[in-house]
Amino acid sequence: MKKGISYITKFDQKTLSIAHQDVVKSTRLWLEQMVVRLNLCPFSSSVIARNQVRYAVCDAESDTQQKQFFLNELQRLLGTNEHDIATSLLMFTQGLEEFEDFLSVLDWFQWLLEQVELTEHVQLASFHPQYLFEGVAADDLSHFTNRSPYPTIHLLRQDQMSKALAHVSNPEQIYLDNIKALKKLGRQRVEAICPWGK
């Protein structure tokens, strides 16, 4: 075991505080109703079913504490066998309610990965209650593909993503298919599932 790195096996919600259990419960419900059921991410259902997702909640409001939280979770992911933790979801309950503030922190996380030369090992995906794609009308349903109950950073193992995408003939089509799925579902139903994103 490497010094300073914690190892866990399976995620157990009972080890969390009541408040953090509620955060995870909301996030897991969103994953089940939106991401898995609508197949927005073709690779998510298997790791969720095998309980290989780590859910980590950060209540810190300060920039320094949030960055340290990210560093700790990055170490944990890289120091743990992928069959125990395949991927990690980092949820922030304080301080990043504004989308622009969230993007600033996300930029720092990405910068850090580049500085320590980990971009070949870890990829970031981002989600936020008020997520907006640049250059897209504010009321477009496409934003809901990345709208989550809490500001969330997804740490993905790059090698796993590469293996998964190797079986997808046209990866760029995933995003377009997601938009079609949301439009087929309709705004009323989408907003009912994701009331935070209205």
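Fair warning: this is a prediction, and the values are worked out from it, not measured in the lab.

Rules behind the numbers
- Residues numbered from 1 in each chain as written.
- Predicted model: local features only at pLDDT ≥ 70, side-chain atom pairs only at ≥ 80, totals over all residues.
- Heavy atoms only, no water.
- Helix = DSSP H or I, 4+ residues; strand = E, 2+ residues; numbered from the N terminus.
- Buried < 20%, exposed > 50% of the residue type's maximum accessible area, 1.4 Å probe, protein only.
- Contact = heavy atoms within 4.5 Å.
- Pairing = 2+ DSSP bridges.
- Axes fitted to C-alpha atoms, helices over the stretch in contact; angles between N-to-C directions.
- Expected span 1.5 Å × (residues − 1).
- Parallel < 35°, antiparallel > 145°, perpendicular 65-115°, else oblique.
- Left-handed = near helix turned anticlockwise from the far one by under 90°.
- Nonpolar A, V, L, I, M, F, W, Y, C, P; charged D, E, K, R; others polar.
- Core = buried A, V, L, I, M, F, W, Y, C linked by side-chain atoms within 4.5 Å.
- Polar contact = N/O pair within 3.5 Å; in protein donor to acceptor, adjacent residues only side chain to side chain.
- Patch = residues over 30% accessible without salt bridge, like charges linked within 9 Å, V, L, I, M, F, W, Y side chains within 5 Å.
- Areas by Shrake-Rupley, 256 points an atom, 1.4 Å probe, with all protein chains shown as cover.
- Salt bridge = Lys/Arg side-chain N within 4 Å of Asp/Glu carboxyl O.
- Lys, Arg positive; Asp, Glu negative; His and termini not counted.
- Charge placed at Lys NZ, Arg CZ, Asp CG, Glu CD.

Enquirer: So what exactly am I meant to see when it comes to the overall build of the chain here?
Expert: Per the secondary structure count, the chain includes 7 helices and 4 strands. Element order for the chain, N to C, with α for helix and β for strand: α-α-β-α-β-α-β-β-α-α-α. By residue count, 43% of the 198 residues in the chain fall in the buried class. Nonlocal contacts in the chain, meaning residues at least 24 apart in sequence, comprise 72% of its contacts between residues at least 6 apart.

Enquirer: I keep staring at the sheet that holds strand β2 (residues 87-92) and nothing clicks. Help me out?
Expert: Think of a sheet as strands paired side by side through backbone hydrogen bonds, with each pair either parallel or antiparallel. The strand order across the open sheet built from 4 strands is β1-β2-β4-β3, with neighbouring strands paired in mixed fashion. Of all strands in the sheet, those bounded by a partner on one side alone are β1 (53-58) and β3 (122-127). Here the average twist between neighbouring strands, direction ignored, is 20°. Sheet topology note: the β1/β2 ladder contains 6 bridges and is parallel. Each residue of the ladder has a partner; that of A56, found in β2, is L90.

Enquirer: Would you mind showing me how to read helix α3 (residues 63-78) here?
Expert: Because an α-helix packs 3.6 residues into every turn, residues spaced three or four apart end up facing the same way. Under the 1.5 Å per step criterion, the end-to-end length of α3 is 23 Å for 16 residues, consistent within 8% with the ideal 22 Å. Every buried residue of α3 is listed here: Q66, K67, F69, F70, E73, L74, R76 and L77. Buried residues along α3 sit in contact with β1, β2, α4 (99-115), β3 and β4 (152-157).

Enquirer: What should I look at first to understand the pairing of β4 in this one?
Expert: A large share of β4 lies buried, amounting to 6 of its 6 residues. Burial of β4 is two-sided: the residues T152, H154 and L156 facing one way and the residues I153, L155 and R157 facing the other way are all buried. Bridge count for β2 against β4 is 5 bridges, and the pairing is antiparallel. Within β4, the residue paired with T87 across the bridge is L156. Across 6 bridges, β3 lies against β4 in antiparallel orientation. Bridge assignment links V122 to a residue of β4, and that residue is R157.

Enquirer: It is not clear to me how the packing of α3 against α4 should be interpreted in this structure. Could you clarify?
Expert: For any two helices packed against each other, the geometry is given by the interaxial angle and the distance between the axes. Running from N to C, α3 and α4 cross one another at 45°; their axes reach a closest spacing of 11 Å. It follows that α3 is oblique to α4 by the angle criterion. The crossing of α3 and α4 is right-handed. In this structure, α3 contributes D63, Q66, K67, F70, L71 and L74 to the contact, and α4 contributes V105, W108, F109, L112 and L113. The residue inventory of the contact of α3 with α4, partitioned by class, reads 8 nonpolar, 1 polar and 2 charged.

Enquirer: Quick question: what am I supposed to make of the nonpolar core here?
Expert: Across soluble globular proteins, nonpolar side chains have a tendency to be buried as a group. Ranked by internal contacts, the top residues of the largest apolar core, which has 25 residues, are F70, L90, F92, L124, I153 and L155. At the level of elements, β1, α3, β2, α4, β3 and β4 are the ones that each hand at least two residues to this core. Among the elements that make up this core, the one with the highest residue count is α4 (7 residues). Setting aside its immediate chain neighbours within four residues, L90 contacts A56, F69, F70, E73, P151, T152, I153 and L155.

Enquirer: Just checking my understanding: could you explain the side chain of T80 for this structure?
Expert: Inspection of the secondary structure puts T80 in the loop between α3 and β2. Separated by 2.6 Å, the side chain of T80 and the backbone oxygen of R76 make a polar contact.

Enquirer: Explain a negative patch on the surface here, please?
Expert: Side chains of E61, E97, E98, E100 and D101 sit close together on the surface and give a patch of like negative charge. A residue is classified by how much of its surface remains accessible, and E61, at 56% relative accessible area, is exposed.

Enquirer: Looking at this structure, how should I read the pattern of salt bridges?
Expert: Two side chains of opposite charge can pair, provided their charged atoms sit close to one another. Under the criterion given, the structure shown has 4 salt bridges. For D63, the salt bridge goes to K67, with nearest N and O atoms at 2.8 Å. In this pair, D63 and K67 are both assigned in helix α3, 4 residues apart and thus about one turn of the helix distant. Here K67 falls in the buried class, since its relative accessible area comes to 18%. Bridged by salt links that share partners, the residues R54, E73 and R76 form one connected network.

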